[in-house]
Amino acid sequence: MLETERLVLPSPDPLNLPLRAVEVGCTGRWELLNVPGTAESTLPHGLPPCAPDLQQEAEQLFLSSPAWLPLHGVEHSTRKWQRKTDPWSLLVALGAPVPSDLQAQRHPTTGQILGYKEVLLENTDLSATTSLSLRRPPGPASQSLWGNPTQYPFWPGGMDEPTLTDLGARDEAEEEVDFEKDLLTVPPGFKKGVDFAPKDHPPPAPGLLSLSRLLEPLDLGGGDEDESEAGGQPGGPRGDTASASPCSTPLARASSLEDLVLEKASAVIAPLEPPRPSPQEQWAIPVDVTSPVGDFYRLIPQPAFQWAFEPDVFQKQAILHLEQHDSVFVAAHTSAGKTVVAEYAIALAQKHMTRTIYTSPIKALSNQKFRDFRNTFGDVGLLTGDVQLHPEASCLIMTTEILRSMLYSGSDVIRDLEWVIFDEVHYINDAERGVVWEEVLIMLPDHVSIILLSATVPNALEFADWIGRLKRRQIYVISTVARPVPLEHYLFTGNSPKTQGELFLLLDSRGAFHTKGYYAAVEAKKERASKHTQTFGAKQPTHQGGPAQDRGVYLSLLASLRARAQLPVVVFTFSRGRCDEQAAGLTSLDLTTGSEKSEIHLFLQRCLARLRGSDRQLPQVLHMSELLHRGLGVHHSGILPILKEIVEMLFSRGLVKVLFATETFAMGVNMPARTVVFDSMRKHDGSTFRDLLPGEYVQMAGRAGRRGLDPTGTVILLCKGRVPEMADLHRMMMGKPSQLQSQFRLTYTMILNLLRVDALRVEDMMKRSFSEFPSRKDSKAHEQALAELTKRLGSLEEPDVTGQLVDLPEYYSWGEELTETRGMIQQRIVESVNGLKSLSAGRVVVVKNQEHHNALGVILQVSSNSTSRVFTTLVLCDKPASGDPQDRRPAAPDVPYPDDLVGFKLFLPEGPCDHTVAKLQPGDVAAITSKMLRVNGEKILEDFSRRQQPKFRKDPPLAAVTTAVQELLRLAQAYPTGPPTLDPVNDLQLKDVSVVEGGLRARKLEELIREAQCVHSPRFSAQYLKLRERMQIQKEMERLRFLLSDQSLLLLPEYHQRVEVLRTLGYVDQAGTVKLAGRVACAMSSHELLLTELMFDNALSALRPEEIAALLSGLVCQSSGDAGDQLPSTLKQGVERVKAVAKRIGEVQVACGLNQTVEEFVGELNFGLVEVVYEWARGMPFSELAGLSGTPEGLVVRCIQRLAEMCRSLRGAARLVGEPVLGAKMETAATLLRRDIVFAASLYTQ
């Protein structure tokens, strides 16, 4: 009976369940009662009514049961509603929001109105396309991460936002417009316009449409009723609108209120500026890291993050400043622990519920940091060109280029940003990408704090001072040269098992350079060379440098290191090919145990399982697997990305014992080794072979020494050939690292992104660049000096220029111009070959410098240094009265008369004549005369130097000296205005246009000066001195104004040239407004002009997606080479068309004055991988691509990855201009490229 009751099921109808629903309140909350019945409510009038579901009703009527529709009389089944036409509604424009309002000021007790003041209204119609303010509302959620190229960026920190006073001053500077006669009928940039004159006016000019005649045939509605309403009100609807304004009449009568507002406007409108530091205040604050921080845990009792170890002193100092929200610049050696500072900033942002952006110079480093920070913090995201993981995380890791794009596009991520961490900031020295760091630092808003992590650089304070002045905040510089693991540097000269012990200490852990070790290495090389000569003969070369010789060197070195337990080792080789050769040559070397081989095998199987079958059998994959099983690894840009990550992970586990790597391995996360080996100290930097720079050597050598495991790190330099010079080794190992230098340059993307924002100027970006910092850092002092000079100029008495003195200003300007012209001609003379030949021993010259004024001299000796010639000259002078040679200096005339200006009024001694020997620079020679004297220069110099000694000072000069002085004195007396000079055109054969025109101008000025009337006035001297003082002050003020103006910018001419290129190509109009093509170019990541021109020329629309991808590979491919003859005809034509478009752009650039030639611009395109990309997009497996090109697999993968990014940017640009077909093709092309091993997910993100 009990079993039967259990099997009884309730009724299938839900209403028959023993439950009753009761709604509680109005919030939609329900409760279930274990009592059967219908639904109830606690509301007094029951449940509120609800409208039927319209979608369900429409489906039921029209789709489920269309029988009610009539079969024949369908004309009654459709209904329409007549609407009244109102053409005027099309002409109504919404008024701009009022930016301010009048607020009554009342008595606090009585409430009586005391006056009115103008109050600014915030957030009036702000949007991402009209405002740079952080108060603007956020954009759409879909654009919150990347922003939009049409959005404005946020206001850069450190720039002064324009105040109402500035805007008012700008309005006053504009010309007055007559709103009756001067209104435009053709909008700027348009070819045609509209004439708004009434019908009875004469017909408009050609190209103008008459609005009244266009609207005449239309029925505007309203009829006579509207006309009667408008009767008596001139202007029709405009008059009605004007009279309907509720404010116009009261404001016109309330003149007192108007006066009150005007009186208080200056005091009310201008906002209080934040206090600025004085010009002498220090922006870069060095922090002492030598003394310990004893009260660290008292100052920070609850740190945001704690480590398993005790932080170093420099790390604690940085953390203390981070807690105070200060910006810091941490410069320390590789592996010193700079990442600790970044980790604390990330933890601090999570504690504050804000966000942090961590930027890195390369994508591989971004992936590695993502793995490390995700394991530490969890809430970490990654943004690269092809990967987007957890974009909502509090810490985002990205490359610097992506952050720049987010800043220009106004991404809403910037709102929540507290810290931006720049890792490896010394990458700013990179010639191609260094400008990105400067752009980002300039564009960051004011609320974002900056953390800079760098290797040790000598000018850290200067760089921090630039950022501090840029952002108007102090930057705390924390620099340490201490290494956690000291390094020992050795020379290795062995090449066989017998010589594997030839390891010579060169630089010990205390930094002492051992010359004894260097000479021992040289002797070891000499001894082996002599034995080689005895055995094989003297003509046999001592070093072949081939693979066999390298194999012997590395086998002996690795045997020595293995015996001394100094593995693992990183071998830095500055060539991808030599890396592969050296690793492949060590076939007999096996450094792993059986258990390590098993671990390596399992790890490889797990990582390679994500590849398709054919990709696992790639030659590079099989070769690398075989090397890794023996404990060897190779790491360079030609290796597939997934294999590089496998090598890195196995090396960090200690399973790769010997790693052959290029320089890029040193630019990464902390992966130290026991030993670092340099294959050579010379590298190819893209143009020439050169020695390693100290900064490069220190960066790579810093990988030696594992903290907590090794007492010292070992750095070994191989001496395969001769031992390098000691001076070169000393400079490389102990020299100062490279300074941080500006690589700022103008790009079209930067110019267009700033031109589209009215409030930002490209000139402001150039002013704030690191390259302009030396000339701009004194701008505050210049402004103060300019203010003082202005005040001083106002207090000066005006010179009298009436009567005979009417031409006094012209006389002064003629004299200044004559002096400047003569100086220019003389500079051209001393720079010419004939001019330098004429300045030989015995030539009589006129000397003019600080010590001598138009004194005759004879050249005794000319230095042989061609770069900076020095002329040792015997010069006439006064005999010093006090015996002090400084008293010889003659005074230049205070007031120059025509005889002083025209010609050279020679110096004549007033008393006894004396002489001196002076070393003259070319600029000290005022004129070269045609006179020559026969002198014995060596004898005169020897006698003069002897008489400078105290015991011979009163001896008489030799006859040779006396004769030369008497000849000079005779010439000075015979030619008071100077002896005849060598004519630069006739005598020295200078045919330069500037010299010829300068000579003519000088003769004209001399005539004008001779005819001047002001010199005859008795008041000439006094008035001239007044005028000169005034003119000198004005000249100094002009110089200061120039230094403070945009005209002093070094890149300003190039900026004007690039804007002219954009104007010629139609990207901006004459007024500087960015047009549609310019906005499309802003959306491109690279090659913006070429891609935009290809799009607007429809060069890509007719091609298939795989053909487009193949052509665009020429823009991103880094390996040079021709496209090949096996291409289809369409691709060959496409390549030629791309080159033709590039040539056209290059010709426009040359025509506008840019230095880059057409051949250089077209030469940036490399079509060597067109066929490879074409076949890849068509579906060919990666294993078959190797036969199509000799390019390393890693470079092919990098090219295809960058190509996919370019396709996505082109897709967005196509949507921007309304090209759905091209956008779909670019989407398809990106999809075709993204497959298999090329886009295998990074191991660090799994």
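Keep in mind that what you see is a predicted model, and the values were worked out from it rather than measured.

S.K.: So what's going on with the nonpolar core? Residues and values would help.
M.R.: Phe329, Phe422, Phe463, Ile646, Phe678, Phe1182 and Leu1233 are the most contacted members of the largest nonpolar core, which totals 220 residues. Here this core gets 11 residues from one element, more than from any other, and that element is helix H44 (residues 1193-1216). When neighbours within four sequence positions are excluded, Phe463 is seen to be in contact with Phe329, Val425, Ile428, Leu441, Leu452, Leu740 and Phe770.

S.K.: I'd like to hear about the environment of Ala393, residue by residue, with values.
M.R.: Following the sequence through the fold, Ala393 ends up in the loop between strand S12 (388-389) and strand S13 (395-399). Looking at Ala393, the relative accessible area reads 0%, which means it is buried. Each C-alpha atom of the pair Ala393 and Arg355 lies 7.8 Å from the other, and the pair is 38 residues apart in sequence. In contact with Ala393, other than residues within four places in its own chain, are Arg355, Asp379, Val380 and Gly381.

S.K.: Please provide a residue-by-residue account of the sheet that holds strand S21 (residues 658-661), values included.
M.R.: An order of S18-S17-S25-S22-S19-S21-S20 is seen for the seven strands of this open sheet, with the pairing classed as mixed. Strands at the two margins of the open sheet, each flanked by one partner only, are strand S18 (503-507) and strand S20 (632-635). Adjacent strand axes in the sheet meet at a mean angle of 25°, parallel and antiparallel pairs treated alike. On the sheet, helix H22 (residues 641-652) packs against strand S19 (569-572), S20 and S21 and is oriented at approximately 130° with respect to S20. On top of the sheet, helix H23 (residues 694-701) reaches strand S17 (487-492), S19, strand S22 (675-678) and strand S25 (713-718); it is set at about 140° to S22, its chief contact.

S.K.: Give me the packing of helix H39 (residues 1105-1116) against helix H40 (residues 1129-1151): which residues, what numbers.
M.R.: At a closest axis distance of 10 Å, the pairing of H39 and H40 adopts a crossing angle of 40°. On the basis of the axis angle, H39 is oblique to H40. Between H39 and H40 lies a crossing whose hand is right-handed. Judged by residue contacts, Glu1107, Ala1110, Leu1111 and Leu1115 of H39 engage Thr1130, Leu1131, Gly1134, Val1135 and Val1138 from H40. Grouping the constituent residues of the contact of H39 with H40 by class yields six nonpolar, two polar and one charged.

S.K.: Go over the packing of H39 against H44 with me, naming the residues and quoting the values.
M.R.: The geometry of H39 relative to H44 is characterised by a closest axis approach of 9 Å and an angle of 110° between their N-to-C directions. Taken together, the axis directions place H39 and H44 in an arrangement best described as roughly perpendicular. Contact residues: Ala1109, Leu1112, Ser1113, Leu1115 and Val1116 in H39; Cys1199, Arg1202, Leu1203, Met1206 and Leu1210 in H44. When its residues are assigned to classes, the contact of H39 with H44 shows eight nonpolar, one polar and one charged.

S.K.: A description of the packing of aromatic side chains should follow, citing residues and the corresponding values.
M.R.: As enumerated under the stated definition, the model contains 24 aromatic pairs in all. Seen from their ring centres, Phe572 and Phe678 are 6.0 Å apart, and the 35° between their planes marks the pair as tilted. Note that Phe572 is positioned in strand S19 and Phe678 in strand S22, a separation of 106 residues in sequence. Accessibility classification places Phe572 together with Phe678 in one group, the buried group. A network of ring pairs unites the aromatic residues Phe305, Trp307, Phe309, Tyr344, Tyr358, Phe373 and Phe377 as a single cluster. Against the face of Phe154 rests Arg136, its NZ or CZ located 4.2 Å from the ring centre. The cationic tip of Arg1235 hangs over the ring face of Trp1176; the distance from NZ or CZ to the ring centre is 3.6 Å.

S.K.: Account for the sheet that holds strand S16 (residues 475-479), naming residues and giving values.
M.R.: Here nine strands make up an open sheet; going across it, the order is S8-S16-S9-S15-S14-S10-S13-S11-S12 and the pairing mixed. Edge positions in the sheet fall to strand S8 (284-286) and S12, since each of these pairs with one other strand and no more. Sitting on the sheet, helix H12 (residues 363-377) is in contact with strand S10 (355-360), strand S11 (380-383), S12 and S13, with an inclination near 165° to S11.

S.K.: Give me unusual backbone geometry: which residues, what numbers.
M.R.: That bond from Leu567 to Pro568 is cis: its omega, 5°, falls within 30 degrees of zero. Note that Pro568 resides in the loop between helix H17 (547-563) and S19. Residues other than glycine seldom take positive phi values, yet Arg472 does so here, at roughly 55°. Along the chain, Arg472 falls in the loop between helix H15 (460-471) and S16. Its relative accessible area of 34% is what places Arg472 among the partly exposed residues. A positive phi is found at Asp1236, a non-glycine position, where the angle reads about 55°. In this fold, Asp1236 is placed in the segment after helix H45 (1220-1233). Owing to a relative accessible area of 27%, Asp1236 belongs among the partly exposed residues under this scheme.

S.K.: Please set out helix H29 (residues 808-831) residue by residue, giving values where relevant.
M.R.: When the terminal C-alpha atoms of H29 are compared, their 35 Å separation across 24 residues agrees well with the 34 Å that a helix rising 1.5 Å per residue should span. Those residues of H29 that sit buried are Leu808, Tyr811, Tyr812, Trp814, Gly815, Leu818, Thr821, Ile825, Gln826, Ile829 and Val830.

S.K.: Provide a residue-level description of the confidence of the model for the chain, including the pertinent values.
M.R.: In this model, the chain carries a mean pLDDT of 80, and residues with pLDDT of at least 70 account for 83%. Confidence drops under a pLDDT of 50 for residues 536-544, and excluding neighbours within four residues, the segment shows eight contacts in the predicted structure.

S.K.: Pulling in residues and values, what's your account of the pattern of salt bridges?
M.R.: Taken as a whole and judged by the stated rule, the model has 47 salt bridges. Residue Arg1063 is joined to Glu1060 by a salt bridge in which the shortest nitrogen-to-oxygen separation is 3.1 Å. Taken together, the residues Arg1063 and Glu1060, both in helix H36 (residues 1052-1065) and three residues apart, mark about one turn of the helix. Salt bridges sharing partners connect three or more residues here, namely Glu663, Lys683, Arg690 and Glu696.

S.K.: Would you mind going over a nonpolar patch on the surface in detail, with residue names and values included?
M.R.: A cluster of nonpolar residues, Trp88, Leu90 and Leu91, forms a patch on the protein surface that exposes about 360 Å² of accessible area. Among the structural elements, Trp88 can be located in the loop between helix H2 (54-64) and strand S4 (100-106). By relative accessible area, Trp88 is classed as partly exposed at 39%.

S.K.: Could you give me a rundown of the pairing of S19, with the residues and numbers involved?
M.R.: Judged by which residues are buried, S19 turns out to be covered on both faces: Val569 and Val571 on one side and Val570 and Phe572 on the other are all buried. The pairing of S19 with S21 spans four bridges and is classified as parallel. Residue Phe572 lies in a different strand from S21, and its bridge partner there is Ala661. Here S19 pairs with S22 via four bridges, running parallel.

Definitions and limits used
- Residues numbered from 1 in each chain as written.
- Predicted model: local features only at pLDDT ≥ 70, side-chain atom pairs only at ≥ 80, totals over all residues.
- Heavy atoms only, no water.
- Core = buried A, V, L, I, M, F, W, Y, C linked by side-chain atoms within 4.5 Å.
- Buried < 20%, exposed > 50% of the residue type's maximum accessible area, 1.4 Å probe, protein only.
- Helix = DSSP H or I, 4+ residues; strand = E, 2+ residues; numbered from the N terminus.
- Contact = heavy atoms within 4.5 Å.
- Pairing = 2+ DSSP bridges.
- Axes fitted to C-alpha atoms, helices over the stretch in contact; angles between N-to-C directions.
- Parallel < 35°, antiparallel > 145°, perpendicular 65-115°, else oblique.
- Left-handed = near helix turned anticlockwise from the far one by under 90°.
- Nonpolar A, V, L, I, M, F, W, Y, C, P; charged D, E, K, R; others polar.
- Phe/Tyr/Trp six-rings, centres within 6.5 Å; stacked < 30°, edge-to-face > 60°.
- Lys NZ or Arg CZ within 6 Å of the ring centre and 35° of its normal.
- Expected span 1.5 Å × (residues − 1).
- pLDDT = per-residue confidence, 0-100.
- Salt bridge = Lys/Arg side-chain N within 4 Å of Asp/Glu carboxyl O.
- Patch = residues over 30% accessible without salt bridge, like charges linked within 9 Å, V, L, I, M, F, W, Y side chains within 5 Å.
- Areas by Shrake-Rupley, 256 points an atom, 1.4 Å probe, with all protein chains shown as cover.

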